[in-house]
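Structural characterization, general
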Amino acid sequence: MMKVSELQTFNSVEAAQDPLVQEELLNMAWEDGDIPAITHALSVIAKARGMSETANKAGISRPALYKALSDKGNPSLSSLMGIMRALGIQATFHTTA
């Protein structure tokens, strides 16, 4: 029987090095419509790709990026769009019947 101390801690940032994992993480959060989950997914993806590089591409400071994507963050739509552009993320919308 395995001991708890032998278990490896799951590292979401490490797992998100894979672009397919990034896509699935964000899609799941988006489908739930949970704003904190969406910002958390973006945070994990930004950390996996590099916070400094993401902040530079988004045109905001690194501390502002951390703040916007924190648990208490509430990024404006323009910040959110800039972060998504910096990460190469495109949203597609469909109407439902």
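Presented here is an overview of the structure given in this document. (Residues numbered from 1 in each chain as written. Predicted model: local features only at pLDDT ≥ 70, side-chain atom pairs only at ≥ 80, totals over all residues. Heavy atoms only, no water.)

**Re the packing of helix α3 (residues 35–49) against helix α4 (residues 51–58)**
- Between α3 and α4, the shortest axis-to-axis distance is 6 Å and the interhelical angle comes to 110 degrees. Judged by the inter-axis angle, α3 sits roughly perpendicular to α4. Each of Ser43, Ala46, Lys47 and Arg49 in α3 lies in contact with α4, whose residues at this interface are Met51, Glu53 and Thr54.
- Its residues assigned to classes, the contact of α3 with α4 comprises 2 nonpolar, 2 polar and 3 charged. (Axes fitted to C-alpha atoms, helices over the stretch in contact; angles between N-to-C directions. Helix = DSSP H or I, 4+ residues; strand = E, 2+ residues; numbered from the N terminus. Parallel < 35°, antiparallel > 145°, perpendicular 65-115°, else oblique. Contact = heavy atoms within 4.5 Å. Nonpolar A, V, L, I, M, F, W, Y, C, P; charged D, E, K, R; others polar.)

**Details of the pattern of salt bridges**
- Under the definition given, this model contains 1 salt bridge.
- The closest approach of N and O atoms between Lys57 and Glu53, which form a salt bridge, is 3.1 Å. Of this pair, Lys57 and Glu53 are both found in helix α4, 4 residues apart, which corresponds to roughly one turn of the helix.
- Taking relative accessible area as the criterion, Glu53 reaches 43% and is therefore assigned partly exposed. (Salt bridge = Lys/Arg side-chain N within 4 Å of Asp/Glu carboxyl O. Buried < 20%, exposed > 50% of the residue type's maximum accessible area, 1.4 Å probe, protein only.)

**A few points about the packing of aromatic side chains**
- Enumeration according to the criterion identifies 1 aromatic pair in this entry.
- Between Trp30 and Phe93, the aromatic rings sit 5.8 Å apart at their centres with planes inclined by 55 degrees, giving tilted as the arrangement. Of the two residues, Trp30 is situated in helix α2 (residues 19–32) and Phe93 in the segment after α6 (77–86); the sequence distance between them amounts to 63 residues.
- Here Trp30 falls in the partly exposed class, since its relative accessible area comes to 38%.
- You can call Phe93 exposed: its relative accessible area is 62%. (Phe/Tyr/Trp six-rings, centres within 6.5 Å; stacked < 30°, edge-to-face > 60°.)

**With respect to the packing of α4 against α6**
- Two numbers describe how α4 lies on α6: the axes approach to 8 Å, and their chain directions differ by 120 degrees. One element, α4, and the other, α6, form an angle in the oblique class. Classified by chirality, the crossing of α6 by α4 is right-handed. Residue-level inspection shows Thr54, Lys57 and Ala58 of α4 in contact with α6, the latter providing Gly82, Ile83 and Ala86.
- Along the lines of polarity and charge, the residues of the contact of α4 with α6 split into 3 nonpolar, 2 polar and 1 charged. (Left-handed = near helix turned anticlockwise from the far one by under 90°.)

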